[in-house]
Amino acid sequence: MTDRPPVRPTDQAEPPFWYRPLLPLTVVFALGIGSRAIGPDLQFLAIVVAAVAFVLTGWAFVTHRRSWLPPLLLFWSLGYGALHPWLPNSYPAHHINHYTDGAHYRIVGTVDRLPRWTPGHRLRAVIRVEELERQGRLQAACGYIRLTVFGDAPVIRNGDRLVFTSRLRPIRNFRNPGGFDYRRHMAFQKITATAWAHAGAVTVVTTNLADPPLWYRARQGFRRLIDAELEGDAQA
């Protein structure tokens, strides 16, 4: 007697989608992120939905019951809250957003990221603001700004503590309907204001003596070579 080859079933029913939960959970998480971008004032609702969905999901897990709606609601609320660290509904009273009134401030802060040179002999650095002073009144402050230094700026490294005088200006979008949201782009980097200062008005109070990483030094070297080539072509 010869063994017959096993018959491969061809008409088996497809398993329900909750047996492959990654796709629906990812879609719902993305919908939560989109909901936060459209309706930023639903934070309390998202917290309530997350709490209820978490309890129902845990109860379904303990009792070995199938449940698809609570996990979806839980991931929606998680997606909604994922943008909160970058797009908060409100800022503390001493945040720099409350001082973008056009007045001059003496600003004390620390370089938070590696500075970079831009065309036009400008140095740009992200500053974590610590103190603001105006008319002899010193007060604590918080927040991040992008500082642009014109002229022959001093050697500034990541971690240096700077003092400079400038106006704080809010970041504004380009006035193109449906265009790039520059303000949100900067908010994702935690930068909510800008400042400009001449090189002579910037003082390095405390210097970070640690050498920058190798990749940064290599990039700066390539940038100097490119700038030298461009200056040579312009003079030719």
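Residues numbered from 1 in each chain as written. Predicted model: local features only at pLDDT ≥ 70, side-chain atom pairs only at ≥ 80, totals over all residues. Heavy atoms only, no water.

**Re the overall build of the protein chain**
Inference 1: Tallying secondary structure elements over the protein chain gives five helices and nine strands in all.
Inference 2: Within the protein chain, buried positions represent 29% of all 236 residues.
Inference 3: Residue pairs at least 24 apart in sequence account for 72% of intrachain contacts in the protein chain once pairs closer than 6 positions are excluded. (Helix = DSSP H or I, 4+ residues; strand = E, 2+ residues; numbered from the N terminus. Buried < 20%, exposed > 50% of the residue type's maximum accessible area, 1.4 Å probe, protein only. Contact = heavy atoms within 4.5 Å.)

**Looking at the packing of helix H2 (residues 43-62) against helix H3 (residues 69-82)**
Inference 1: In contact at an axis separation of 8 Å, H2 and H3 are set at 145 degrees when each is read in the N-to-C sense. For the element pair H2 and H3, the recorded crossing hand is left-handed. Residues Gln43, Ala46, Val49, Ala50, Ala53, Phe54, Leu56 and Thr57 of H2 lie in contact with H3, whose contacting residues are Pro70, Pro71, Leu73, Leu74, Trp76, Ser77 and Tyr80.
Inference 2: Of the residues belonging to the contact of H2 with H3, the class tally is twelve nonpolar, three polar and no charged. (Axes fitted to C-alpha atoms, helices over the stretch in contact; angles between N-to-C directions. Left-handed = near helix turned anticlockwise from the far one by under 90°. Nonpolar A, V, L, I, M, F, W, Y, C, P; charged D, E, K, R; others polar.)

**Examining the pattern of salt bridges**
Inference 1: Taken as a whole and assessed by the stated rule, the structure comprises six salt bridges.
Inference 2: A single salt-bridge network, built from bridges that share partners, covers Asp112, Arg113, Arg128, Glu130 and Arg161. (Salt bridge = Lys/Arg side-chain N within 4 Å of Asp/Glu carboxyl O.)

**Focus: the nonpolar core**
Within soluble globular proteins, side chains that are nonpolar generally end up buried alongside one another.
Inference 1: Leu132, Ile145, Leu147, Leu162, Phe164 and Leu168 are the most contacted members of the largest nonpolar core, which has 25 residues in total.
Inference 2: Those elements that place two or more of their residues in this core are strand E1 (104-111), strand E3 (122-134), strand E5 (144-150), strand E6 (161-167) and strand E8 (191-198).
Inference 3: Of the residues forming this core, the biggest block, five residues, is contributed by E3.
Inference 4: In contact with isoleucine 145, not counting residues within four places along its chain, are Ile96, Ala125, Val126, Ile127, Val129, Phe164, Leu168, Ile191, Ala193 and Ala195.
Inference 5: If you look at the next biggest cluster of nonpolar residues, it comprises seven residues, including Leu25, Val28, Leu72 and Tyr80. (Core = buried A, V, L, I, M, F, W, Y, C linked by side-chain atoms within 4.5 Å.)

**Notes on the environment of valine 108**
Inference 1: By secondary structure assignment, the location of valine 108 is in strand E1.
Inference 2: Each residue touching valine 108, except ones within four places of it in the same chain, is listed here: Val129, Glu130, Glu131, Arg161, Leu162 and Val163.

**Quick notes on H2**
Inference 1: If you check H2, its first and last C-alpha atoms are 29 Å apart, about what 20 residues at 1.5 Å a residue would give, namely 28 Å.
Inference 2: Residues of H2 that are buried: Gln43, Ala46, Val49, Ala53 and Ala60. Buried residues of H2, viewed axially, fall in a sector of 110 degrees; they line one side. Those residues of H2 that are exposed and angled more than 90 degrees off the buried face are Phe44, Ile47, Phe54, Val55 and Val62.
Inference 3: Buried positions along H2 lie against helix H1 (22-38) and H3.
Inference 4: Once H2 ends, the next one or two residues include histidine 64, with phi positive near 55 degrees. (Expected span 1.5 Å × (residues − 1). Arc of directions from axis to C-beta.)

**Structural notes on the packing of aromatic side chains**
Inference 1: Summed over the entire model, instances satisfying the criterion amount to two aromatic pairs.
Inference 2: Judged by centre distance (5.9 Å) and plane angle (80 degrees), the ring pair of tyrosine 99 and tyrosine 105 falls under edge-to-face.
Inference 3: Residue classification places tyrosine 99 among the buried positions, given a relative accessible area of 15%.
Inference 4: The ring of tyrosine 144 has arginine 113 lying over it, and the distance from NZ or CZ to the ring centre is 5.9 Å. (Phe/Tyr/Trp six-rings, centres within 6.5 Å; stacked < 30°, edge-to-face > 60°. Lys NZ or Arg CZ within 6 Å of the ring centre and 35° of its normal.)

**A word on the side chain of serine 77**
Inference 1: Looking at the secondary structure, you find serine 77 in helix H3.
Inference 2: Residue contacts for serine 77: discarding those within four places in its chain leaves Ala46, Val49 and Ala50.

**A few points about the environment of asparagine 158**
Inference 1: Turning to its location among the elements, asparagine 158 is positioned in the loop between E5 and E6.
Inference 2: What makes asparagine 158 partly exposed here is its relative accessible area of 28%.
Inference 3: Along the primary structure asparagine 158 and isoleucine 127 are separated by 31 residues, whereas in three dimensions their C-alpha atoms are 9.5 Å apart.
Inference 4: A polar side-chain atom of asparagine 158 sits 3.3 Å from the main-chain amide nitrogen of arginine 113. (Polar contact = N/O pair within 3.5 Å; in protein donor to acceptor, adjacent residues only side chain to side chain.)

**So, the side chain of serine 166**
Inference 1: Here serine 166 lies in strand E6.
Inference 2: Polar side-chain contacts of serine 166 include one of 2.7 Å to the backbone oxygen of tryptophan 196.
Inference 3: Residues contacting serine 166, with those up to four places away along its chain left out, are Ala103, His104, Tyr105, Ile107, Ala195 and Trp196.

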